[in-house]
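Below, each chain spelled out in residue letters.
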Amino acid sequence: MAKFDIIAATGCPTGIAHTFMAKEALEKAAAERGLTIKVETHGQVGVENELTKSEIAGAKAVVVAADKDVQAERFAGKPMVSVGVSKALSVEAAGKLIDRALAAKGDDTVAAAADVEDEVEEKESIGHVIYKHLMNGVSHMLVFVVAGGVLTAVSFLWGITSFDSTAADYNSFAAMLKIIGGIAMNLMVPVLSAYIAESIGKRPALVPGFVAGMIAIQGLPVNAETGMIDAGGAGVGFGFLGGIVGGFLAGYVILLLEKVFAGLPKNLDGLKAIFLYPLFSTAIVGLVMLGISGPMAAINTAMMDFLKGLSASGAVVLGLAIGCMCAFDMGGPVNKAAYVTGTAMLTEALAAGVGTDTYNFGTNFMAAVSAACIVPPLITTFAVIVGKKYFSQEDHDAGVVNLILGCTHITEGAIPFMTKNIWPVMPIMMLGSSIASILTIMFNVHDPAPHGGFLVLPVVENGPLWVLAILIGAVVGGILFVAFKKYDFEKNQKAAPATKPVEAPKAAAVESPKAEAADFVKVENVFVAEDFASRDEALSFVSNQAVKAGIAGDADAVMNAFLAREAEGTTGMMEGFAIPHAKSDAITEAAVIVVKDESGVTGWDTMDGAPVNVAIALLIPGAQAGTTHLKILSKVAEALMDQDFRATVKGSTDAAEIAKTINARLV
């Protein structure tokens, strides 16, 4: 059974994008550090790449990057870092998490180098714990909302009242779709409540969680004639908000009962699970939920009135609020708050029926939310096509893929673009989304489906105007994004050395196949008998040698690139090795320079605290960042896992032998 240095679990509420972006970032960050890793994903299709007990036992440390329950109790006793999935979406951020996880194992040298602020964050905050439980409920709920909402919307294709047997446009198949969709939508709150509870109290909490959700739908039944509590009466539900309260209540009641019944004999564990927990928890949670139904219904009504009040203030105010929330974190907690509010209002709208004020407001609100979620990915698509020269090939490819993601209402594809330049990209995205939301409201667009993007266009009222609103928001945001990238590109061009050949990027592109050539590491670029007083002195030596060898045109620019990378996180590895790497337009061809210092370079942070004896320095042209860079880096990182490779390179004083050994691993 394979063993891994690091194991990880990732999961986001929707299980569509964040989950797998975090997985990729963690894998790349581990490769940079010469570590092996296995990442278990908790996506919408379930658990993939599942960790085994032996893999968990054999790992050095654990990284949990999730906003849902990933059964973290499996990792009890292991050095672990647990954060939200949004904190692991870039290679740099993922690398810091890995470093923190390794530091948590008690190695004094490594722990001392860890950032104090990060250490404070080691323990999950109360806010994140609550958010994780909430998102576990939301992630299970969303599939019911999507399936139910889309089926309900499709039933309208036969006519807006085609489900009504007394209407002229009645269709029996449409009526059945409406029934199925309605049942799925009505399960939204019970499922939300149950899986919030399950995240807290595990399986025993499902029963009171479902009951709490059902009570949130129907409220406290009262006989209209007597005014007294009556099982045959009618109540006022308190919906989505009540489901959240009920879920947390059910989960923590189970934890309380576990303590209450902890003293019972072990042979009664079966009785507790099948009888005591469900009976007492359902009774307690049910009575509390019925008792608070009046105040909760009032709060729910007040919240809806507030949103309608925003609408009364004009399309600009409401659309601006929706757009800014949806694009603020693009799939994160703020985005989800806006989306789930929209689905809750849509549920009420569909229940109220076509033609009512509640229906008109709820479907218009949902259309505005959907427009705001669709726009950010389309902004990136517009930008990488119109301003292609200002983006890397990696960004261009991601932007093109975002056309599909955006059209299907998946906002997360825009996150990598924002994380690279939060300012001004985030405000640009928020502006584009707000424009689309405002115009959607002004155009009186009504969307009876909570998800699906342009796939549900046939059932959207004023659909062409909805598409127009989205395109206007995407184009305005795209133009601003291109303008920013153009400014950034020209600024970097001016900062580049004046002696840099105009055709350098093209030359670098032609030279890239050398990354796999047998003589990539040249003997003359291996220095075996050096003596450096510090890390910076070693990096300065490499920078100057790069200029002498014709690899780069400006030693200062290369040095700055090395230092910038070290500032993001040390490149010091273990057992005396380091992999410094510089990505700069001042570098004209990809190359590797090796320096050895038998006495060891002190002051270079390493994972085991040992001084650096061998630095395998990677020099990558800016145009090849993310391609050649990652390819070479991953191969060097893999090589460092080989004990024979480490022994040969560290023990040899023959430059030719060292070059040959490294080249053999780069093929």
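Computed from a prediction, not measured in an experiment: that's the story for all the values here.

## Structural notes on the overall build of the protein
Counting its secondary structure elements, the protein contains 25 helices and ten strands. Sorting the 667 residues of the protein into buried and exposed places 51% on the buried side. Of all intrachain contacts in the protein linking residues separated by at least 6 positions in sequence, the fraction that spans at least 24 positions is 70%. Of the roughly 28300 Å² of accessible surface on the protein, a fraction of 63% belongs to carbon and sulfur atoms.

## Description of the pattern of salt bridges
Two side chains that carry opposite charge are able to pair once their charged atoms sit near each other. Across all of its chains, the model carries 16 salt bridges by this definition. Where lysine 60 meets aspartate 5, a salt bridge forms, and the shortest distance between an N and an O atom there is 3.4 Å. Of this pair, lysine 60 sits in the loop between α2 (53-58) and β4 (61-66) while aspartate 5 sits in the segment before β1 (6-11); the two residues are 55 residues apart in sequence, bridging distant segments of the chain. Given the relative accessible area of 33%, lysine 60 is considered partly exposed. The exposure class of aspartate 5 is buried, given its relative accessible area of 10%. Across the pair aspartate 99 and arginine 33 runs a salt bridge whose closest N-O atoms are separated by 2.9 Å. A residue pair is termed long-range when its members are at least 10 positions apart, and aspartate 99 in helix α3 (residues 91-103) and arginine 33 in the loop between α1 (18-32) and β2 (37-43) qualify at 66 residues.

## A short note on helix α21 (residues 535-548)
With 14 residues, α21 extends 20 Å between its outermost C-alpha atoms, agreeing within 8% with the 20 Å of an ideal straight helix rising 1.5 Å per residue. Taken as a whole, α21 has its buried residues at Ala538, Leu539, Phe541, Val542, Ser543, Gln545 and Ala546. Just downstream of α21 lies glycine 550, where phi reads positive at about 80 degrees.

## Description of the sheet that holds strand β5 (residues 80-83)
The five strands are arranged β3-β2-β1-β4-β5 in an open sheet whose pairing can be described as mixed. The sheet is open, and its two edges are formed by β3 (46-48) and β5, each paired on a single side. Each strand axis lies, on average, 10 degrees off the axis of its neighbour in the sheet, ignoring direction. Of the strand pairs in this sheet, β1 and β4 are connected by six bridges, and their pairing is parallel. Looking at the pairing, threonine 10 lines up with alanine 65 of β4. On top of the sheet, α1 reaches β1, β2, β3 and β4; it is set at about 175 degrees to β2, its chief contact.

## Quick word on the packing of aromatic side chains
Note on aromatic pairs: each is described by the distance of the centres and the angle between the planes. Summed over all chains, the structure comprises twelve aromatic pairs. Ring plane angle 75 degrees and centroid distance 5.6 Å describe the contact between tryptophan 158 and phenylalanine 173, whose orientation is recorded as edge-to-face. Note that tryptophan 158 is positioned in the loop between α6 (126-155) and α7 (172-186) and phenylalanine 173 in helix α7, a separation of 15 residues in sequence. When its relative accessible area of 36% is taken as the criterion, tryptophan 158 is described as partly exposed. Judged by its relative accessible area of 43%, phenylalanine 173 falls in the partly exposed class. Residues phenylalanine 391 and phenylalanine 417 carry aromatic rings whose centres are separated by 6.5 Å and whose planes lie at 65 degrees to one another, so their mutual orientation is edge-to-face.

## So, α6
With 30 residues, α6 should cover 44 Å at 1.5 Å per step; its first-to-last C-alpha distance of 43 Å lies within 8% of that length. In α6, a bend of some 30 degrees at methionine 141 exceeds every other bend along the element.

## What to know about the nonpolar core
Ranked by internal contacts, the top residues of the largest apolar core, which has 83 residues, are Ile98, Phe481, Val521, Val594, Ile616 and Ile662. In terms of residues, this core owes the most to one element, helix α15 (residues 357-386), which gives eight residues. Setting aside residues up to four positions removed in sequence, isoleucine 98 forms contacts with Ile6, Leu26, Ala29, Ala30, Arg33, Leu35 and Val63. Grouped together as the second largest cluster of nonpolar side chains are 57 residues, Ile200, Leu346, Ala368 and Ala372 included.

## Concerning the environment of aspartate 654
Following the sequence through the fold, aspartate 654 ends up in the loop between α24 (643-651) and α25 (655-666). For the pair aspartate 654 and valine 528, spaced 126 residues apart in sequence, the C-alpha to C-alpha distance is 7.4 Å. Within the local environment of aspartate 654, its side chain forms a polar contact with the backbone nitrogen of alanine 656, the two atoms lying 3.0 Å apart.

## Thoughts on the state of the cysteines
As enumerated under the stated definition, the model contains zero disulfides in all. Free of any disulfide, cysteine 324 has its nearest cysteine sulfur in cysteine 326, 9.6 Å distant.

## Brief notes about the side chain of histidine 396
If you trace the backbone, histidine 396 turns up in helix α16 (residues 393-407). By relative accessible area, which is 13% here, histidine 396 ends up buried. With residues up to four places along the chain from it excluded, the contact list for histidine 396 reads Val384 and Lys388.

## Notes on the packing of helix α10 (residues 239-260) against helix α11 (residues 269-291)
Where α10 meets α11, the axes come as close as 10 Å, and the angle between the chain directions of the two elements is 140 degrees. Relative to α11, the element α10 is oriented oblique. The chirality of how α10 crosses α11 is right-handed. On the side of α10, the interface is formed by Gly242, Gly246, Leu249, Ala250, Val253, Ile254, Leu257 and Glu258, while α11 contributes Tyr277, Phe280, Ser281, Ile284, Val285, Val288 and Met289. Residue composition of the contact of α10 with α11, by class: eleven nonpolar, three polar and one charged.

## A short note on the confidence of the model for the protein
In low-pLDDT regions, the fine details of the predicted coordinates are not to be read closely. Per-residue pLDDT for the protein has a mean of 85; in total, 90% of the residues score no lower than 70. Confidence over residues 106-122 falls short of pLDDT 50; this stretch has 17 contacts with residues more than four positions distant or in other chains. Taken as a whole, residues 497-517 scores under 50 in pLDDT and shows 23 contacts with residues more than four places along the chain or in a different chain.

## Digging into the pairing of β4
The element β4 is extensively covered by neighbouring structure, given that six of its six residues are classed as buried. Across four bridges, the pairing between β4 and β5 is parallel. Across the sheet, the residue bridging to alanine 65 is valine 83, located in β5.

## Quick notes on a nonpolar patch on the surface
Judged by side-chain polarity, Leu264, Leu268, Leu271, Ile274, Phe275, Leu279, Phe280, Ile284 and Val288 come together as a nonpolar surface patch covering roughly 750 Å² of accessible area. Among the secondary structure elements, isoleucine 274 is positioned in helix α11.

## Considerations on the packing of α6 against α10
Where α6 meets α10, the axes come as close as 11 Å, and the angle between the chain directions of the two elements is 120 degrees. When the interaxial angle is binned, α6 and α10 end up oblique. Read as a crossing pair, α6 and α10 show a hand that is right-handed. Contact residues: α6 offers Ile130, His133, Leu134 and Met141, while α10 offers Phe240, Ile244, Phe248 and Tyr252. A breakdown of the residues in the contact of α6 with α10 according to their chemical character gives seven nonpolar, one polar and no charged.

Scoring rules and cut-offs
- Residues numbered from 1 in each chain as written.
- Predicted model: local features only at pLDDT ≥ 70, side-chain atom pairs only at ≥ 80, totals over all residues.
- Heavy atoms only, no water.
- Helix = DSSP H or I, 4+ residues; strand = E, 2+ residues; numbered from the N terminus.
- Buried < 20%, exposed > 50% of the residue type's maximum accessible area, 1.4 Å probe, protein only.
- Contact = heavy atoms within 4.5 Å.
- Areas by Shrake-Rupley, 256 points an atom, 1.4 Å probe, with all protein chains shown as cover.
- Salt bridge = Lys/Arg side-chain N within 4 Å of Asp/Glu carboxyl O.
- Expected span 1.5 Å × (residues − 1).
- Pairing = 2+ DSSP bridges.
- Axes fitted to C-alpha atoms, helices over the stretch in contact; angles between N-to-C directions.
- Phe/Tyr/Trp six-rings, centres within 6.5 Å; stacked < 30°, edge-to-face > 60°.
- Bend = angle between axes of the 7 residues up to and from the residue.
- Core = buried A, V, L, I, M, F, W, Y, C linked by side-chain atoms within 4.5 Å.
- Polar contact = N/O pair within 3.5 Å; in protein donor to acceptor, adjacent residues only side chain to side chain.
- Disulfide = S-S within 2.5 Å.
- Parallel < 35°, antiparallel > 145°, perpendicular 65-115°, else oblique.
- Left-handed = near helix turned anticlockwise from the far one by under 90°.
- Nonpolar A, V, L, I, M, F, W, Y, C, P; charged D, E, K, R; others polar.
- pLDDT = per-residue confidence, 0-100.
- Patch = residues over 30% accessible without salt bridge, like charges linked within 9 Å, V, L, I, M, F, W, Y side chains within 5 Å.

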